[in-house]
Every structure is written in structure tokens, then in C-alpha cells.
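Listed below, chain by chain, are the residues.
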Amino acid sequence: MTRPGAGCVMVVTSEQDVTANLVIESLNARRAPVVRVDPADIGAGLSFHARLGGGGSRWSGQLRTSSRDIALEQVRAFYYRRPSPWRFENLKPQARAFATTEARYGLNGLLRSLPDCHYVNHPAAVGVGEHKPAQLQVAARVGFTVPETLITNDLDAAMSFAAGHSPMVYKAFRGLPPGPDDQAQAIWTQRVDPIDLDESIAVTAHLFQAEVPKHSDARVTVVGTRVFASQITSLENALDWRSGDHDSLTHVPIAVPDHITWALRAYLDAFKLVFGCFDFALEETGQVAEPYRWTFIECNPNGQWGWLPDSDAIADAFAETLLQGWFV
């Protein structure tokens, strides 16, 4: 149990999250109190209570996991990663849906409302920042170069856009849901031949963009005040570097131009984010002073970074950001 008067960092994620492990290791190295919680364990693996009233204006209470007791008012920092989906496997469908909704708005709602807590990132900010229409609009507003983009379910609009923006690519807004085996699946960025456009576009929303004639890609990870940037080159010259053989990718550090760094800060501030993983397409300019034109692709407010060469330094940045201002 956390000792009276002590603060702690709560890491909310699944048991299998190796990226969170890097942050926990860095926190442990600093002898910071840290507790790991997966809200999906609610039931035998997780119980809680919280009270409000009696003249007080803040929640106080206790959360108990299989290994720890945590006083809610002692949680000073909150690292939100990737908790498991709600389970409730033993309930019938209607009861399962009800229990899931109540847990989401009850337990999750409580964890989003902890007093005097520094969130990295706050789940509500993550939810807003995951929407590509908002991402692209804010990116353009803060000064990033953004590809010409169309969001539509209208065939005529798609045909007209394709006629003026060739080659054109399609991107999914969120990707495929898990398959029958619960394995994650994805739809990678892909080129679209206008002759393949048909009335099926009307079924749902689609995102089309003018293809960026890129030389390579950049992944920029911002944590608090620190910026980490890697140039990614695919030996296969893949349209989407995530779709190919990761062993064929090369990662080298790359300097981020000052105007891009400024826009990174402005972007995160607009979404009230502390952390974000940015993807850029890099076009060669032929200029020594600024060899690449940086085009914004997206920002994942809860992105992966554990596979990057500087992952240890990124984990340290997370630990420093979570502990800043309350733990010495």
C-alpha cells in the first residue's frame, strides 16, 4: 500500500504492454513509487471505492489490485497507455453491454478525475486528438504543410478530386477492428486508381489525399519539453513504411528545423497534449541549409515508440515529465 502522505505514479495499461515497461523501469531507477493498473481487471482482480461530500470537493478513496492498495488522492501522475478491452465474458450480451458502459463511465470516469494529478496524456485529450479531421485542420493552422485532402462518401466528389490530384492515396481513419482471433489488423496507406472508384464509396466515410513525392519519412516523438526525431528509410521504397519488413528499415537521427519544432509545440498545446508521435513525409529540396520539406501526415496522441533506437531516452523523458514538480 502507498504510505500515508506519499505520492505515486499510476500507469494504466495492459499486462503485456512492453512500451509501458520501459517507462516503469525508468521510474523504478529513480526510486519513484509506481503502480500499474488495468481497468479491465474490474471484478476479482480490481475493486475500488470513492467518496465525495461532507464539505469536500474532491474524490477520495481506494483502489485495490491483486498486488497493491492505492489511495486515489495520492496519485500525483497518471500515464495513460493501452488498457485491455473490457471483458465481462461470463455475462449475457445485454448485461455485458450494460456492465461495460457502467465501468467505462464509472471507473474510467473516476480515473479521469483524480485531484492534483498530472496526466500524460489525459484520456479525454487523447480521444479528441485521435480524429484525423481535427489533426489535419490544427496542423494546417499551426503552420505545418498538409497534403491536399478530401473526406467524403460522395463518388462525384472523389472522382473530381482524383482528376486534380494524381497520384491519389487512400487512408483509413482508424483501421480494421480485431479479427476473429482478436489479432490487430490494419489497412495501410495505398494508391487509388480512379477507375476503381465506384458507388460503394457511399457506404461510409473515406479519406483521400494527394500523394507526397517523398524521399523518406520522419517519426518525431515529443515528450514534455523534449523532442526525439528519426529519419526512416525503407529499402523497399514503401508508400507506407509500416506495411513492409521492419528489418529492412533504417533509422538515423535527424535535426528538426526550428519552425517545425515551434509547430510541434503549438499542435500539442492546441489538443492539451503532453506527448505525441508525429509522422512526416520528407521531400528533397536540393538545399544544403534545409534539405527536406516536411509534410505533416498524422500525430498519434498515444503512439508506439518502444521500437525506436532512442527508446531508452524517450522512456527517461516520460519518467522526468511524470515526476516533474512533485518528486525529488
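Keep in mind that what you see is a predicted model, and the values were worked out from it rather than measured.

Undergrad: Whenever I open this one, the overall build of the protein confuses me. Can you help?
TA: The number of helices and strands found in the protein is seven helices and 16 strands. In summary, the protein has a C-alpha radius of gyration of 22 Å against a globular reference of 20 Å for 328 residues, a match within 12%. Considering the protein as a whole, with its 328 residues, one finds that 46% of them fall into the buried category. Put simply, 67% of the contacts in the protein that link residues at least 6 apart link residues at least 24 apart. Of the roughly 17,300 Å² of accessible surface on the protein, 51% is carried by carbon and sulfur atoms.

Undergrad: Help me out: how do you make sense of the nonpolar core in this one?
TA: Generally speaking, a soluble globular protein has its nonpolar side chains buried in company with each other. Judged by nonpolar contacts, the single largest core of 28 residues is most densely connected at Phe144, Leu264, Tyr267, Phe278, Phe280, Trp294 and Phe296. Broken down by secondary-structure element, the contributors of at least two residues to this core are helix H4 (132–142), strand S12 (216–223), helix H6 (258–271), strand S15 (275–284) and strand S16 (292–300). When residues of this core are assigned to their parent elements, the largest contribution, seven residues, is made by H6. Here Phe280 is in contact with Phe144, Ser216, Asp217, Ala218, Val220, Ile260, Leu264, Trp294, Thr295, Phe296 and Ile297, once residues within four sequence places are set aside.

Undergrad: Which parts of the structure should I look at to understand the packing of aromatic side chains?
TA: Here a ring pair, both rings aromatic, is described through the centre-centre distance and the interplanar angle of the planes. The full count for this structure, using the stated rule, is 17 aromatic pairs. With 5.2 Å between their ring centres and 70° between their planes, Tyr267 and Phe278 make a pair best called edge-to-face. In this pair, Tyr267 sits in helix H6 while Phe278 sits in strand S15, placing the two residues 11 residues apart along the sequence. By relative accessible area, Tyr267 is classed as buried at 0%. Chaining the aromatic ring pairs together yields one cluster made of Phe144, Tyr267, Phe271, Phe278, Phe280, Trp294 and Phe296.

Undergrad: Help me understand the side chain of Thr100, please; the structure alone is not making it clear to me.
TA: Within the secondary structure layout, Thr100 lies in helix H2 (residues 93–111). Separated by 2.8 Å, the side chain of Thr100 and the backbone oxygen of Arg96 make a polar contact. Apart from the residues within four sequence positions on either side, Thr100 is in contact with Trp86 and Phe88.

Undergrad: How do you make sense of the pattern of salt bridges when you look at a structure like this?
TA: Taken as a whole, this structure holds 14 salt bridges when the rule is applied. Notably, a salt bridge pairs Asp41 with Arg87, separated by 2.9 Å at the nearest N-O pair. In this pair, Asp41 is assigned in the loop between strand S2 (34–37) and strand S3 (46–51) and Arg87 in the loop between strand S6 (75–80) and H2, connecting sequence segments 46 residues apart. The partly exposed category is assigned to Arg87, whose relative accessible area is 33%. Ionic pairing is found between Glu130 and Arg174, a salt bridge with its closest N-O pair at 3.7 Å. Of this pair, Glu130 sits in the loop between helix H3 (123–129) and H4 while Arg174 sits in the loop between strand S9 (168–171) and strand S10 (190–192); the two residues are 44 residues apart in sequence, bridging distant segments of the chain.

Undergrad: Honestly, the packing of H4 against H6 in this entry has me stumped. Any pointers?
TA: Packing of H4 against H6 brings their axes to within 9 Å, and their N-to-C directions diverge by 135°. Regarding the angle of H4 to H6, the classification is oblique. Every pair of crossing elements has a handedness; the one defined by H4 and H6 is right-handed. Contacts between H4 and H6 involve Ala134, Gln135, Val138, Ala139, Arg141 and Val142 from the former and Trp262, Ala263, Ala266, Tyr267, Ala270 and Phe271 from the latter. Looking at the contact of H4 with H6, its residues break down into 10 nonpolar, one polar and one charged.

Undergrad: Can you walk me through the sheet that holds S6 in this structure?
TA: Strands belonging to one sheet form pairs held by backbone hydrogen bonds; the direction of such a pair is parallel or antiparallel. The four strands are arranged S2-S1-S6-S7 in an open sheet whose pairing can be described as parallel. Edge strands, defined here as strands with exactly one partner in the open sheet, are S2 and strand S7 (118–120). Sheet twist, expressed as the mean angle between neighbouring strand axes with direction ignored, is 20°. Alignment of S6 against S7, held across three bridges, turns out to be parallel. Following the sheet pairing, Phe78 is matched in S7 by Tyr119. Each of strand S1 (8–12), S2 and S6 is contacted by helix H1 (residues 18–29), which is oriented at about 160° to S2, the strand it contacts most. Strand contacts of helix H7 (residues 311–323): S1, S6 and S7, with the helix running at about 160° to S7, the strand carrying the most contacts.

The rules behind the values
Residues numbered from 1 in each chain as written. Predicted model: local features only at pLDDT ≥ 70, side-chain atom pairs only at ≥ 80, totals over all residues. Heavy atoms only, no water. Helix = DSSP H or I, 4+ residues; strand = E, 2+ residues; numbered from the N terminus. Rg over C-alpha atoms; globule rule 2.2 N^0.38 Å. Buried < 20%, exposed > 50% of the residue type's maximum accessible area, 1.4 Å probe, protein only. Contact = heavy atoms within 4.5 Å. Areas by Shrake-Rupley, 256 points an atom, 1.4 Å probe, with all protein chains shown as cover. Core = buried A, V, L, I, M, F, W, Y, C linked by side-chain atoms within 4.5 Å. Phe/Tyr/Trp six-rings, centres within 6.5 Å; stacked < 30°, edge-to-face > 60°. Polar contact = N/O pair within 3.5 Å; in protein donor to acceptor, adjacent residues only side chain to side chain. Salt bridge = Lys/Arg side-chain N within 4 Å of Asp/Glu carboxyl O. Axes fitted to C-alpha atoms, helices over the stretch in contact; angles between N-to-C directions. Parallel < 35°, antiparallel > 145°, perpendicular 65-115°, else oblique. Left-handed = near helix turned anticlockwise from the far one by under 90°. Nonpolar A, V, L, I, M, F, W, Y, C, P; charged D, E, K, R; others polar. Pairing = 2+ DSSP bridges.

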